[in-house]
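Structural description and commentary
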Amino acid sequence: MELSHLNSGIISLASHPAWLIISVVLYCVVRLQRRGWWRPRECPVDLTGKTAIITGANTGIGKSIALDFAQRNARVILACRNLERGQRAEREIRLRSGNSKVHLYVLDTSSMESVREFSQRFKEEVKQLDILVNNAASSGLKLTISSEGLELTFATNHLGPFLLTSLLLDLLKSSQNARIVNLSSVIHREGEIDFRHMRGQNLPSSWKDVKYSNTKLMNVLFTLELSNQLRHTGVTVNAVHPGIVQTEIMRNQKIYIRVISKLLGIFFFKVSAHVTHHSHTKLLWHSMRSATPSAR
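Residues numbered from 1 in each chain as written. Predicted model: local features only at pLDDT ≥ 70, side-chain atom pairs only at ≥ 80, totals over all residues. Heavy atoms only, no water.

All right, on to empty space enclosed by the protein then. What the rule picks out here adds up to one cavity of 30 Å³ or more. Roughly 70 Å³ of internal volume is contained in the largest cavity. Lining the largest cavity, in full, are Asn134, Ala136, Asn157, His158, Pro161, Phe162, Asn182, Leu183, Lys216, Asn219 and Phe222. Of all the secondary-structure elements, those providing two or more residues to the lining of the largest cavity are helix 6 (152-174), strand 5 (179-183) and helix 7 (210-229). Broken down by element, the residue count for the lining of the largest cavity peaks at four residues, all from helix 6. A per-class count over the lining of the largest cavity returns five nonpolar, five polar and one charged. (1 Å grid on protein atoms, 1.4 Å probe; cavity = no way out; pocket = protein on both sides within 12 Å on 5 of 7 lines; lining within 4 Å. Points joined across faces, edges and corners; volume = space filled by probe spheres on them. Helix = DSSP H or I, 4+ residues; strand = E, 2+ residues; numbered from the N terminus. Nonpolar A, V, L, I, M, F, W, Y, C, P; charged D, E, K, R; others polar.)

If you want it as structure tokens, here you go:
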């Protein structure tokens, strides 16, 4: 009898309408906090006469950054691996910004040959660079060795951006107050450095994407060292964690990770439509602010 009364009490409590009200309130609070507070158009910086390269600019954060730079009158180079998707992004950004100085250059950061070809073409055709945003990256890729003998994730996320930055340093140094922004991640804290990983060797077996965290750590260490080397050149170098955003970065992950990410994202992650309200705040800040060269 007592057990029956207890069960009835639990059911009655669980079905109380107050729970629905609380759930709705919590949902609204979480959704509102995802929007962020910063609105880029409130920043008065004008980029007329400046040239910016954004890698991985056909989607997600990279596309959002490219659109904002275009709206600020910069000449924007969309450095994208996929020609068709890059062309769609180019048309859309030109239309939305009213800026015709938005151009697509094909770049696959997993290929050192592609990086060199991109750099050579850019130097011959543009000859000016003020802002470089190394945004392109992949996660969840299977262990793959490229034709150049490099592990694909390490090539895409670190070696390609490293080479691209190095090849364009002369142009950045010749610019006044140039900026390099490397998109990193807080997950770099779980990374480790083992140079054998770059060729797919000695990688531990784990359900985690250790390749991604390792490359993000490399991004941060590269940023710190490059900042030291460029301390008196007028070039500012920063590594930025943009927050957790629902972009296409998870598309190569295992299906159960993608499902969990989507479910969590409904409540806690910022979505692409709100990237301009929060996640590229740091990118814009570090790209456009006037400051003494340093790493952050």
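For helix 6, with 23 residues, the first-to-last C-alpha span of 32 Å sits near the 33 Å given by 1.5 Å per residue. Along helix 6, the sharpest change in direction is near 50° and occurs at Leu168. At the N-terminal boundary of helix 6, the capping side chain belongs to Glu151, with an oxygen 2.8 Å from the backbone nitrogen of Thr153. (Expected span 1.5 Å × (residues − 1). Bend = angle between axes of the 7 residues up to and from the residue. Polar contact = N/O pair within 3.5 Å; in protein donor to acceptor, adjacent residues only side chain to side chain.)

Soluble, globular proteins show a tendency: their nonpolar side chains are buried together. Core analysis: the biggest nonpolar cluster contains 31 residues, and Ile53, Phe118, Phe122, Leu129, Leu172 and Ile180 have the highest contact counts within it. Secondary-structure elements contributing two or more residues to this core are strand 2 (75-80), helix 5 (112-125), helix 6 and helix 7. In terms of residue count, the dominant contributor to this core is helix 6 (nine residues). Residues contacting Ile180, with those up to four places away along its chain left out, are Leu132, Asn134, Thr165, Leu169, Leu172, Leu226, Leu230, Val235, Thr236, Val237 and Asn238. Among the nonpolar cores identified, the runner-up in size contains 22 residues, and Ile54, Ala66, Leu78 and Val181 belong to it. (Core = buried A, V, L, I, M, F, W, Y, C linked by side-chain atoms within 4.5 Å. Buried < 20%, exposed > 50% of the residue type's maximum accessible area, 1.4 Å probe, protein only. Contact = heavy atoms within 4.5 Å.)

Within strand 2, five of the six residues are buried, leaving the element largely enclosed by the surrounding structure. As defined by bridge partners, strand 1 (residues 51-55) adjoins strand 2 across five bridges and the pair is classed as parallel. When the sheet's bridge partners are listed, Ala52 is paired in strand 2 with Val76. Once the chain exits strand 1 it traverses helix 3 (residues 60-71) before rejoining the sheet at strand 2, and the crossover so formed is right-handed. Once you follow strand 2 into helix 4 (residues 83-97) and on to strand 3 (residues 102-106), the crossover reads as right-handed. (Pairing = 2+ DSSP bridges. Right-handed = clockwise from strand over helix to strand, strands pointing away.)

Within the element layout of this structure, Ser100 appears in the loop between helix 4 and strand 3. Placed 25 residues apart in sequence, Ser100 and Arg75 show a C-alpha to C-alpha distance of 8.4 Å.

Per the counting criterion, the structure on display carries eight salt bridges. Across the salt bridge formed by Asp68 and Arg72, the nearest N and O atoms sit 2.5 Å from each other. For the salt bridge of Glu84 with Arg88, the shortest nitrogen-to-oxygen distance reads 3.3 Å. A residue pair is termed a helical-turn pair when its members lie 3 or 4 positions apart in one helix, as Glu84 and Arg88 do in helix 4 at four residues. The exposure class assigned to Glu84 is exposed, which follows from its relative accessible area of 52%. (Salt bridge = Lys/Arg side-chain N within 4 Å of Asp/Glu carboxyl O.)

Another aspect to go through is the pairing of strand 6 (residues 236-240). Along any regular strand, the residues point their side chains to alternate faces of the sheet. Burial within strand 6 is extensive, with five of its five residues counted as buried. Residues Thr236, Asn238 and Val240 point to one face of strand 6 and Val237 and Ala239 to the other, with burial holding for every one of them. Summarising the sheet, strand 5 and strand 6 pair through five bridges and their orientation is parallel. Its bridge partner lying in strand 6, Val181 is registered against Asn238.

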